[in-house]
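Breakdown of the fold
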Amino acid sequence: MTLFGNFYAVRKLDFEIALRETIGEGKKIMLEEFNHFLSNKENKQLYCNIMNVLKLASKWKDIKNGVEIRMGKVDDKVFSNALQNLVNFNFVSKVDDEYKIVDLMLKEIDFNKC
């Protein structure tokens, strides 16, 4: 909100332009945060694929199937650990048996490029 306020009220950008700029900056910030999270991970591609599949699926089995379509066979324990890491670092939430990307900006990021 502060960033949007700066673009709209201080810089006097048009509402649509200020909103687009805010979303663009938000995506950059979230991508930097996610890349920092990935910096010490061995299987970065697994995490990126999980994030992409989470845009379409929310159940563990469906997410894993989607990831395996992209990557081939993934060990259940390796997959579960990666998904749990995403939950632990608040990129993903788990409610009952469903997983969801927490931040709206993360949903806008193309994780095929990580």
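Residues numbered from 1 in each chain as written. Predicted model: local features only at pLDDT ≥ 70, side-chain atom pairs only at ≥ 80, totals over all residues. Heavy atoms only, no water.

**Comments concerning the pairing of strand β2 (residues 98-101)**
Burial along β2 is one-sided: the residues Y99 and I101 are buried and none of E98 and K100 is. Where strand β1 (residues 92-95) meets β2, 4 bridges bridge the pair, whose relative direction is antiparallel. Of the residues in β2, the one forming a bridge with V95 is E98. Taken together, β1 and the strand that follows it, β2, pair antiparallel across an intervening segment of 2 residues, in which D96 is found at a positive phi of about 55°. (Buried < 20%, exposed > 50% of the residue type's maximum accessible area, 1.4 Å probe, protein only. Helix = DSSP H or I, 4+ residues; strand = E, 2+ residues; numbered from the N terminus. Pairing = 2+ DSSP bridges.)

**Regarding the packing of helix α4 (residues 60-71) against helix α5 (residues 76-88)**
Angle between the axes and distance between the axes: these two values describe a pair of packed helices. Viewed as axis vectors pointing N to C, α4 and α5 meet at an angle of 110°, and their least axial separation amounts to 11 Å. Between α4 and α5, the angle falls in the class roughly perpendicular. Between α4 and α5, the residues in contact are W60, I63, K64 and V67 and D76, F79, S80 and L83, respectively. Along the lines of polarity and charge, the residues of the contact of α4 with α5 split into 5 nonpolar, 1 polar and 2 charged. (Axes fitted to C-alpha atoms, helices over the stretch in contact; angles between N-to-C directions. Parallel < 35°, antiparallel > 145°, perpendicular 65-115°, else oblique. Contact = heavy atoms within 4.5 Å. Nonpolar A, V, L, I, M, F, W, Y, C, P; charged D, E, K, R; others polar.)

**Considering the UniProt feature "domain: MCM C-terminal" (unreviewed entry) in the chain**
Here, the residues flagged by UniProt with the feature "domain: MCM C-terminal" (unreviewed entry) are residues 43-102. The distance from the first to the last C-alpha atom of residues 43-102 is 21 Å, and the span holds 58% helix and 13% strand. (UniProt positions renumbered as here; feature names shortened; annotations may be inferred.)

**Notes on α5**
When the terminal C-alpha atoms of α5 are compared, their 18 Å separation across 13 residues agrees well with the 18 Å that a helix rising 1.5 Å per residue should span. Among all positions in α5, only F79, A82, L83, L86 and V87 are buried. Buried residues of α5, seen end-on, are gathered within an arc of 145° and therefore sit on one face of the element. Of the surrounding elements, those touching the buried residues of α5 are α2 (15-38), α3 (44-53), α4, β1 and β2. Regarding α5, its N-cap is D75, as a side-chain oxygen of that residue lies 3.0 Å from the backbone nitrogen of K77 further along. (Expected span 1.5 Å × (residues − 1). Arc of directions from axis to C-beta. Polar contact = N/O pair within 3.5 Å; in protein donor to acceptor, adjacent residues only side chain to side chain.)

**Focus: the nonpolar core**
Ranked by size, the top nonpolar core spans 27 residues in total, and within it F34, I50, M51, L54, I63 and L86 carry the most contacts. Here this core gets 6 residues from one element, more than from any other, and that element is α3. Setting aside residues up to four positions removed in sequence, M51 forms contacts with F34, L86, F91, V92, I101, L106 and F111. (Core = buried A, V, L, I, M, F, W, Y, C linked by side-chain atoms within 4.5 Å.)

**Examining the packing of aromatic side chains**
Considering all chains together, one arrives at 7 aromatic pairs under this definition. One aromatic cluster is present, built from ring pairs that chain together F34, F37, Y47, F89, F91 and F111. Sitting above the plane of the F37 ring, K41 keeps its charged end 4.4 Å from the centroid. Over the ring of F89 we find K41; its NZ or CZ atom is 5.3 Å from the centre of that ring. (Phe/Tyr/Trp six-rings, centres within 6.5 Å; stacked < 30°, edge-to-face > 60°. Lys NZ or Arg CZ within 6 Å of the ring centre and 35° of its normal.)

**Details of the pattern of salt bridges**
With the rule as written, the count across this model stands at 5 salt bridges. Between K64 and E68 there is a salt bridge; the shortest N-O distance is 2.6 Å. Of the two residues, K64 and E68 are both situated in helix α4; the distance of 4 residues between them amounts to about one turn of the helix. Overall, the relative accessible area of 19% leaves E68 in the buried class. For the salt bridge of K73 with E68, the shortest nitrogen-to-oxygen distance reads 3.7 Å. Ionic contacts of the salt-bridge type, sharing partners, join the residues K64, E68, K73 and D76 into one network. (Salt bridge = Lys/Arg side-chain N within 4 Å of Asp/Glu carboxyl O.)

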